[in-house]
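Per-entry structural report
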Amino acid sequence: MEYEIVIGMEIHIELGTKTKIFCSCPTEFGQDENTHTCPVCLGMPGVLPVLNEKVVEYATRAGLALNCEIAHFSKMDRKNYFYPDLPKAYQTSQFDLPICTGGVVGIEVDRVKKDIGITRIHIEEDAGKLLHESADGTLLDVNRCGVPLIEIVTEPDLRSAEEARAFAEKVRNILEYTGVSDCKMEQGSMRFDVNLSIREKGCEVLGTRTEMKNLNSFRALIRAVQYESKRQIIEIKKGHTIIQETRKWDDTKGSSSSLRSKEEAHDYRYFPEPDLVPIVLEPAYIEKIKSELPELPEAKKKRYIDEYKLPEYDAGVLTTTGVTARFFEEAVALYNEPKQISNWMMVEIPPLLKENELSMENISITPAQLVALLKLVKNNEISGNTGKEVLKEMFSTGKNPGDIVKEKGLAQMSDAGELEAIIEKIVSDNPKSVEDIGAGNDKAYGFLTGQVMKATKGKANAQVANEIIRAVVAKHLA
Amino acid sequence: MSLTREDVTYVANLARLEFSEDEVTALADQLGAVLDYAETLSGLDTSKIKATEHVLAVQNVFREDEIKPCLTNEEALANAPESEAGCFKVPRVME
Ligand SMILES: [Zn+2]
């Protein structure tokens with residue numbers, strides 16, 4: 001029997017506002033415990049929360065970028081539950097009237113394109129952080145309490161770990177482009193919840209699902225989906241029924257365990273938040289935000305193919321993140337050789353980023369410096385191989401390519417006279433190769449070229465050298 | 001009576017409240033009476049009245065995204081029954 005995996009996701013994303021959602025405390029990450037708090041986010045009695053206008057703007061922008069309808073009327077609600085990470089004993093969220101509904105995001109896995117439906121996006125506040133390091137209790141840091149979040153809820157449209165990953169990456173790329181969040185997973189700016197069930201292929205009815213919360217990396221997402229789908233299929237094959245429950249994913253162990261069953265069902269007793277008034281957005285406001293949306297990855301990719309004549313693959317890689325696309329565009333603006341720039345950005349730069357423990361966000365060279373290097377290669381002042389060496393040096397020293405070439409004497413030998421003398425000697429020293437070529441074995445040319453490169457420490461202009469080698473060999477054979 | 005003893009126990013559990021058997025019976029009676037009274041509203045014809053999503057006729061009260069001074073760590077923890085290492089300390093919770 002063939003089984004089908006059915007996945008729906010909830011993605012929590014911290015918005016990049018300066019202040020919290022209902023108070024003026026900063027949202028800055030990594031500060032000393034309980035230094036970014038005020039009576040509002042500490043949940044003191046009698047305080048009045050006031051909604052941050054940027055939260056509404058960012059949520060609207062995110063919704064539009066993900067092809068959602070923006071609600072004319074939405075409101076905040078209280079979601080009640082007891083857990084010490086929420087001093088108020090409720091989370092201010094949105095229940096029946098969220099700010100965005102009905103979006104769609106296109107993904108592609110193994111060359112198959114598919115649309116993933118977005119049910120809704122709502123705004124809410126983050127909870128505090130519990131530290132389990134006290135000997136006889138649990139410690140609470142309220143700094144994250146009230147940091148604005150959007151929660152993106154999908155339809156159960158995903159069918160594999162790869163699709164879940166592709167969707168999550170696409171959402172991250174789009175939101176990073178729109179500037180509503182830095183989507184830094186290592187800082188918890190993007191977290192995934194996965195609802196997963198199994199059914200016989202072709203069956204219309206959904207199976208019983210389990211939920212895994214707070215997966216905080218793409219790797220954890222993929223592994224958790226693979227583990228949980230396998231676990232459920234094994235259970236079903238044994239004739240067991242799947243219990244609807246929340247499971248905790250342990251990324252170190254690579255397995256999940258039951259956290260709480262639906263018997264102590266979540267009954268959040270939602271009710272309208274009396275301290276916050278409804279949000280009413282006029283069409284003009286929504287239109288204005290729509291008109292200010294930056295070019296999104298999909299459109300950018302298409303433009304790179306049309307305008308820069310790049311292969312689809314290149315266009316896809318270069319538009320994966322906003323910073324990569326910006327670097328490329330700055331380089332192309334200085335130097336109209338998109339394919340050359342693309343090749344170097346896709347092939348040479350990534351390993352150097354890794355080696356230097358950098359990313360495109362804090363890359364140590366500028367687009368102008370890359371362009372200066374590519375011009376040296378294009379004009380045959382240095383060879384491609386030397387160019388790679390120079391780039392490596394640029395990464396570690398930050399120096400300009402021209403200076404590195406000068407300092408290290410890396411300029412290419414294109415002077416025919418100088419090369420001719422070297423080649424004449426090499427050909428004379430290798431009569432066997434000349435013989436081989438005479439016998440029709442052209443491979444010997446490669447050997448001679450290698451010798452020339454060795455003698456010139458790789459600085460010989462390969463094209464000029466090859467021409468001279470052929471001429472000299474012909475002379476010897478004559 | 002519109003409210004059962006089970007309803008009372010369920011709600012009490014959600015609110016982390018504990019009641020004796022007698023109290024549950026009494027509360028089922030009293031809360032039931034309140035709910036029955038509220039039920040009289042269902043007798044009204046509301047077909048031509050717009051749903052009330054919020055009790056206030058005010059909308060769009062926002063603040064600018066500007067940082068203002070926070071409490072110091074000492075001020076934040078001043079009312080905490082227990083604190084440790086700059087944090088509020090609560091009974092141990094399971095992860
Ligand atoms: Zn605050």
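Look up: the structure comes first, before these words.
Residues numbered from 1 in each chain as written. Chains lettered and ligands numbered in written order. Predicted model: local features only at pLDDT ≥ 70, side-chain atom pairs only at ≥ 80, totals over all residues. Heavy atoms only, no water.

**Comments concerning the packing of aromatic side chains**
Residue and element names in this part refer to chain A. Condition: Whether two aromatic rings pair depends on their centres lying within 6.5 Å, for rings of Phe, Tyr and Trp, where Trp uses its six-membered ring; planes under 30 degrees apart make the pair stacked, over 60 edge-to-face, and the rest tilted. We count a stretch as a helix when DSSP gives it H or I for four or more residues in a row; a strand needs E for two or more, and each element gets its number in order from the N terminus. Exposure is judged per residue with a 1.4 Å probe applied to protein chains only, and the accessible area is read against the type maximum: over 50% gives exposed, under 20% gives buried, and values in between give partly exposed. In this analysis the charged atom, NZ for Lys or CZ for Arg, is taken to sit over a ring once it is within 6 Å of the ring centre and within 35 degrees of the ring normal.
Evaluated as defined, the whole model comprises eight aromatic pairs over all chains. Ring centres 4.1 Å apart and planes at 10 degrees place the aromatic pair F95 and Y270 in the stacked group. Placement of the pair is F95 in the loop between β6 (90-93) and β7 (100-109) and Y270 in the loop between β15 (255-261) and β16 (271-272), with a sequence separation of 175 residues. For Y270, a relative accessible area of 27% corresponds to the partly exposed category. Cluster of aromatic residues (ring-pair linked, three or more members): Y81, F95, Y268 and Y270. We note K79 situated over the ring of Y268; from NZ or CZ to the ring centre the distance is 4.4 Å. Directly above the ring of Y445 sits R470, whose terminal nitrogen or CZ lies 4.0 Å from the centroid.

**Observations regarding the environment of A:L206**
Residues and elements named next belong to chain A. Convention followed: Contacts between residues were defined by any pair of non-hydrogen atoms, one from each residue, lying within 4.5 Å.
Position of L206 relative to the elements: it lies in the loop between β12 (190-200) and β13 (210-215). Given a relative accessible area of 46%, L206 falls into the partly exposed group. Each C-alpha atom, one on L206 and one on L419, is 74 Å from the other, the two residues being 213 residues apart in sequence. Discounting residues that sit within four places of it in the chain, L206 has contacts with V6, P156 and R199.

**Looking at the packing of helix α7 (residues 322-334) of chain A against helix α9 (residues 367-378) of chain A**
Residue and element names in this part refer to chain A. This is how it is decided: Under this scheme, a helix contributes an axis fitted over its contacting stretch, all axes are lines through C-alpha atoms, and angles between N-to-C directions fall in the 0 to 180 degree range. In what follows, roughly perpendicular refers to angles from 65 to 115 degrees, roughly parallel to angles under 35, roughly antiparallel to angles over 145, and oblique to any angle outside these ranges. Crossing chirality is assigned from the near helix's rotation relative to the far helix, an anticlockwise turn below a right angle marking it left-handed and a clockwise turn marking it right-handed. Classification convention: Asp, Glu, Lys, Arg as charged; Ala, Val, Leu, Ile, Met, Phe, Trp, Tyr, Cys, Pro as nonpolar; all other residues, Gly among them, as polar.
Between α7 and α9, whose axes approach to 9 Å, the crossing angle comes to 50 degrees. Taken together, the axis directions place α7 and α9 in an arrangement best described as oblique. As α7 packs across α9, the resulting crossing turns out to be right-handed. Residues F327, E330, A331 and L334 of α7 form the contact with α9, whose participating residues are P367, A368, L370, V371 and K375. Partitioned by chemical class, the residues of the contact of α7 with α9 number seven nonpolar, no polar and two charged.

**Quick look at the environment of A:Q31**
Residue and element names in this part refer to chain A. Note the following rule: We define a polar contact as two N or O atoms separated by no more than 3.5 Å, with the added condition that, inside protein, one atom must be a possible hydrogen donor and the other a possible acceptor, whereas residues neighbouring each other in sequence contribute only through side-chain atom pairs.
As for its placement among the helices and strands, Q31 is situated in the loop between β1 (3-14) and β2 (51-52). A C-alpha to C-alpha distance of 10.0 Å links Q31 and R144, two positions 113 residues apart in sequence. The contacts of Q31, once residues within four sequence positions are left out, are H36 and N143. Polar contacts involving the side chain of Q31 include one to the side chain of E28, which spans 3.2 Å. Within the structure, Q31 has its side chain in polar contact with the backbone oxygen of F29 (distance 3.4 Å).

**Brief notes about unusual backbone geometry**
Residues and elements named next belong to chain A. In the Ramachandran plot, N34 falls in the positive-phi region, its phi being about 55 degrees despite a non-glycine side chain. A residue is classified by how much of its surface remains accessible, and N34, at 0% relative accessible area, is buried. Residue A89 is not a glycine yet carries a positive backbone phi of 70 degrees. Note that A89 resides in the loop between β5 (77-80) and β6. We classify A89 as partly exposed; its relative accessible area is 27%.

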